[in-house]
Amino acid sequence: REKVPRNRPKRRSIEGAMRTSLCLAALAVLVWAGAREDRYKELGQNQLDRFEKDDSDSARLRHLRKAVVYFKKADDAAGQVRALNLETGIYYKRKSLSLAEKRNAEALKLAPEDRDALKLRDAIRQAKEKDIFEEVDGIVGINRVQARRLATGVPLRDRGLARRR
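Residue numbers here run from 1 along each chain, matching the order of that chain's written sequence. The predicted nature of this model means local features are confined to residues of pLDDT at least 70 and side-chain atom pairs, given and counted, to a pLDDT of 80 or more, with totals for whole chains, interfaces and linings taken over all residues. The basis for every side-chain value is the complete set of non-hydrogen atoms in the structure, without hydrogens or water.

*Asks:* Residues and numbers for the packing of aromatic side chains, please.
*Replies:* Stacked, tilted and edge-to-face are the three classes applied to pairs of Phe, Tyr and Trp rings, where Trp contributes its six-membered ring and a pair requires centres within 6.5 Å; stacked means planes under 30 degrees apart, edge-to-face means over 60, and tilted covers the rest. Taken as a whole and judged by the stated rule, the model has one aromatic pair. An angle of 20° between the planes, with centres 6.1 Å apart, marks the rings of tyrosine 40 and tyrosine 70 as stacked. Highlighted residues: tyrosine 40 in helix H1 (residues 11-53) and tyrosine 70 in helix H2 (residues 57-73), separated in sequence by 30 residues. Working rule: Lys NZ or Arg CZ, within 6 Å of ring centre, within 35 degrees of ring normal, means a charge sits over the ring. In this structure, lysine 95 is placed above the aromatic ring of tyrosine 92, and the distance from its NZ or CZ to the ring centre is 5.4 Å. Numbering of helices and strands starts at the N terminus; helices are DSSP runs of H or I of at least 4 residues and strands are runs of E of at least 2.

What follows is the structure in structure tokens.
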């Protein structure tokens, strides 16, 4: 019979130590993931706060896009829907109905029963059904809409340039 040195660890204690270290590592990953989600929520909220302070629509849209990304990383559907609804509202106000419709569809995919998203969807549909010029304030807005229509190849009859008989 051979003698086993006394300082050599037993097999069971090594397996137990490995299990313990794996459990601790898994717990650390869970804590880190939770902290990361909280950090992304905080960053998304910071972008929404910046959105409220800015005056230009382009800067506001930039903050909202960042907020949507942060809320998506944080897996926060409510924050994402709020940012998407705000973005939809800006695009609707600017008469960019195609972009407003895309953002609204994203919001409704996340929260199909959201009241704000449903109201925006109805407003976009109404704006598409009737001529957009009725609600535009100012010649700059009318020129912007006409330029978009020309760029998309809208027929003359829909541009208001059809010949009268």
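*Asks:* I'd like a description of the confidence of the model for the protein, backed by residues and values.
*Replies:* Confidence scores labelled pLDDT are given residue by residue by the predictor and lie between 0 and 100. For the protein, mean pLDDT is 78; residues scoring 70 or higher make up 70% of the total. When mean pLDDT is taken per element in the protein, helix H4 (residues 97-110) scores highest with 92 and helix H7 (residues 156-159) scores lowest with 58.

*Asks:* Please give an account of the side chain of aspartate 76 that cites residues and values.
*Replies:* Structurally, aspartate 76 is set in the loop between H2 and helix H3 (77-93). Despite its burial, aspartate 76 pairs with no opposite charge; the closest candidate is lysine 41, at 5.0 Å N-O. Pairs of residues are marked as contacts when any of their non-hydrogen atoms sit within 4.5 Å. Residues contacting aspartate 76, with those up to four places away along its chain left out, are Lys41 and Phe71. The buried label goes to any residue with under 20% of its type's maximum accessible area, the exposed label to any with over 50%, and the partly exposed label to all in between, with areas taken from a 1.4 Å probe on protein chains only. Positive charges come from Lys and Arg alone, negative charges from Asp and Glu alone, with His and the N- and C-terminal ends not counted. Any Lys or Arg side-chain nitrogen found within 4 Å of a carboxyl oxygen on Asp or Glu counts as a salt bridge.

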